[in-house]
Amino acid sequence: MNEITVLDLPLREELVGQQPYGAPQFDVPVRLNTNENPYPPSSKVRAQLSDAVADAIRTIGRYPERDAVELRTALAGYLGFGLTYESIWAANGSNEAMTHVLQAFGGPGRRLLTFTPTYSMYAEYARNTHTEFVTVPRASDFTVDAALAIDAVRRLNPSVVVIANPNNPTGTLIPVAVIDQICAAVDAIVMVDEAYQEFTAYPDDSALALLAKHPRLVVARTMSKAFAFAGGRLGYLAAAPAIVDACRIVRLPYHLSTQTQALAQVALANSDQMLAQVVRLRAAIQSLQSWLRSEGLDVPHSEANFCLFGPFDDRHAVWEGLLEHGVLVREVGPAGYLRVSAGTVAEMSAFRVALLAVLGRGE
Ligand SMILES: *Cc1c(COP(=O)(O)O)cnc(C)c1O
């Protein structure tokens, strides 16, 4: 067979030289690099999940429920705020759901604005939908205030604005009142990515409260992080029904499989159990932040289940050193910083021991 590489193919120009998104993955004992909830579901919930799949398989020869109405109803119930399924859109992870928003509201001649440093996938939604990607730096403490955002929107005239809140990779949380002021002042679709909302001190203090007032606001959520369901692939949006209708136009037919819908419904019916470890993970990352600071490191305050720490002259060397001790963190964020996710008690102590050793402070 002729050995060809991607460079021999008529690839879209903007994809030449690009790498697929993804954190390096290694099969090491302590994986603190992708912000998951490390606690597995209880054996009772596991049994229910298996039963649901076994049951769903009876109809596996047929296409799934195209509009996932039952699942969207369950998601609306989970979110509260008087939402109904017409205001909920679901997809294979919130990355897909947010891409639908860009497919519907971005496109050639249009712009996506976000505030950096932030989640690197936003640039890919823009690229994949032929939307121009424009960024404005966050303030030095990684916050975004209304004046900064409104000024950026006036200058750059985006169709869609994305704000991660809490932000990844910094963990920075901005007040819902700021989102309110931004939505009141701009015509763009404002998408607030609340992937880590359940880990914050006040999870009910969400941009969801603003939906009734701002018809162009989209709030993105995921079951991948706090909900301990990353492998299930289920993310969703809450927005005005008209925005959901726009997403339905661009989605692929039958995008949510029968088993995904069945599993997610069981997980939602057991939301208290699925979320039972969130308080513990929050406590773990808050205490880790204090400990890192007590070791003389800089840690921007994080309200998510991860935090940045640094700066290091050679962050790659520290990342590699940790890996040699069986601890995988993420090399991401501002120059010199690394990001670590909350883990189990044992994982957190393994991280501390490994970091002290790498920094030459171990016993
Ligand atoms: C992890 C994450 C998501 C969710 O991704 P899924 O596709 O739902 O697994 C969304 N936004 C941010 C900022 C994230 O870190």
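Bear in mind the structure is a predicted one, so any value in this text is a computation, not a measurement. (Residues numbered from 1 in each chain as written. Predicted model: local features only at pLDDT ≥ 70, side-chain atom pairs only at ≥ 80, totals over all residues. Heavy atoms only, no water.)

S.K.: Teacher, can you tell me more about the pairing of strand E7 (residues 217–222) here?
M.R.: On any regular strand, side chains alternate: one points to one face of the sheet, the next to the other face. Summarising burial for E7: six of the six residues are buried, a large majority. Alternating residues of E7 divide into Leu217, Val219 and Arg221 and Val218, Ala220 and Thr222, and every residue in both groups is buried. With four bridges connecting them, strand E6 (residues 189–193) and E7 associate as parallel partners. Across the sheet, residue Met191 finds its bridge partner in E7, namely Val218. Taken together, the five bridges between E7 and strand E8 (residues 235–239) define a ladder with antiparallel strand orientation. Within the sheet, the bridge partner assigned to Ala220 lies in E8 and is Leu237. (Buried < 20%, exposed > 50% of the residue type's maximum accessible area, 1.4 Å probe, protein only. Helix = DSSP H or I, 4+ residues; strand = E, 2+ residues; numbered from the N terminus. Pairing = 2+ DSSP bridges.)

S.K.: Sorry, what's going on with the site of the ligand here?
M.R.: Around the ligand lies a shell of 14 residues, among which Asp193, Tyr196, Thr222, Ser224 and Lys225 are the nearest. Within the contact set of the ligand, a nitrogen atom lies 2.6 Å away from a side-chain nitrogen or oxygen of Asp193. Here an oxygen atom of the ligand and a side-chain polar atom of Arg233 are 2.7 Å apart. Out of a free accessible area of 390 Å², the ligand has 93% covered by protein chains. Its residues assigned to classes, the shell around the ligand comprises five nonpolar, six polar and three charged. (Near = heavy atom within 4 Å. Polar contact = N/O pair within 3.5 Å; in protein donor to acceptor, adjacent residues only side chain to side chain. Areas by Shrake-Rupley, 256 points an atom, 1.4 Å probe, with all protein chains shown as cover. Nonpolar A, V, L, I, M, F, W, Y, C, P; charged D, E, K, R; others polar.)

S.K.: Would you mind going over the pairing of strand E3 (residues 111–116) with me for this structure?
M.R.: Pairing of E3 with strand E4 (residues 132–137) involves six bridges; the strand directions are parallel. Note that in E4 the partner of Phe115 across the bridge is Val136. Regarding the hand of the β-α-β motif, the stretch spanning E3, helix H4 (residues 121–128) and E4 is right-handed. Judged from the three bridges that link them, E3 and strand E5 (residues 160–164) form a sheet pairing that is parallel. Bridge pairing links Thr114 to Val162 in E5. (Right-handed = clockwise from strand over helix to strand, strands pointing away.)

S.K.: Help me understand helix H2 (residues 69–79), please; the structure alone is not making it clear to me.
M.R.: A turn of α-helix holds 3.6 residues, and therefore any two residues three or four places apart point the same way. Among all positions in H2, only Leu71, Arg72, Leu75, Ala76 and Leu79 are buried. Each buried residue of H2 lies within a common arc of 140° when the element is viewed along its axis, so the set occupies one face. Exposed and oriented more than 90 degrees from the buried face of H2 are Glu70 and Gly77. Against the buried residues of H2 lie strand E2 (88–91), E7, E8, helix H7 (241–250) and helix H8 (258–269). In the stretch just after H2, Gly80 is the one whose phi turns positive, near 80°. (Arc of directions from axis to C-beta. Contact = heavy atoms within 4.5 Å.)

S.K.: Can you walk me through the pattern of salt bridges in this structure?
M.R.: What the rule picks out here adds up to 14 salt bridges. When the shortest N-O distance is used, the salt bridge between Arg248 and Asp245 registers 3.4 Å. Of this pair, Arg248 and Asp245 both sit in helix H7, three residues apart, which is roughly one turn of the helix. Look at Arg248 and you get partly exposed, because its relative accessible area is 33%. On the basis of relative accessibility, which here comes to 40%, the residue Asp245 falls in the partly exposed class. Salt bridges sharing common partners tie together Asp67, Asp245, Arg248 and Arg251. (Salt bridge = Lys/Arg side-chain N within 4 Å of Asp/Glu carboxyl O.)

S.K.: I'm lost on the domain arrangement of the protein chain in this one. Help?
M.R.: When the parts of a complex come together, some accessible area is lost, and that lost area is often taken as the interface size. The assigned domain composition of the protein chain is domain 1 (6–42 + 276–358) and domain 2 (57–270). Taking only C-alpha atoms, the centre of domain 1 and the centre of domain 2 are 24 Å apart. With 26 residues of domain 1 at the interface, the matching set in domain 2 holds 27 residues. Across the interface of domain 1 and domain 2, roughly 2,000 Å² is buried in total on both sides, 61% from carbon and sulfur atoms. Three residues, Tyr21, Val278 and Glu303, lead the burial of domain 1 against domain 2; their summed loss comes to 27% of the area buried on that side. Inspection of the domain 1/domain 2 interface yields zero salt bridges. Where domain 1 touches domain 2, the interface holds eight residue pairs in polar contact (both at pLDDT 80 or more). Counting only elements with at least two residues in the side of domain 1 that touches domain 2, the list comes to helix H10 (278–294) and strand E9 (306–309). The biggest single contributor to the side of domain 1 that touches domain 2 is H10, with three residues. Residue composition of the side of domain 1 that touches domain 2, by class: eleven nonpolar, nine polar and six charged. (Domains from an automatic or database assignment. Buried area = accessible area lost by both parts, 1.4 Å probe.)

S.K.: Before we go on, may I ask you to explain the packing of aromatic side chains in this structure?
M.R.: Aromatic rings considered in pairs are described by the distance between their centres and by the relative angle of their planes. Considering all chains together, one arrives at nine aromatic pairs under this definition. Among the aromatic residues, those joined into a ring-pair cluster are Tyr21, Tyr119, Tyr122 and Tyr125. A cation over a ring is seen here: Arg339 above Phe306, with NZ or CZ 5.4 Å from the ring centre. (Phe/Tyr/Trp six-rings, centres within 6.5 Å; stacked < 30°, edge-to-face > 60°. Lys NZ or Arg CZ within 6 Å of the ring centre and 35° of its normal.)

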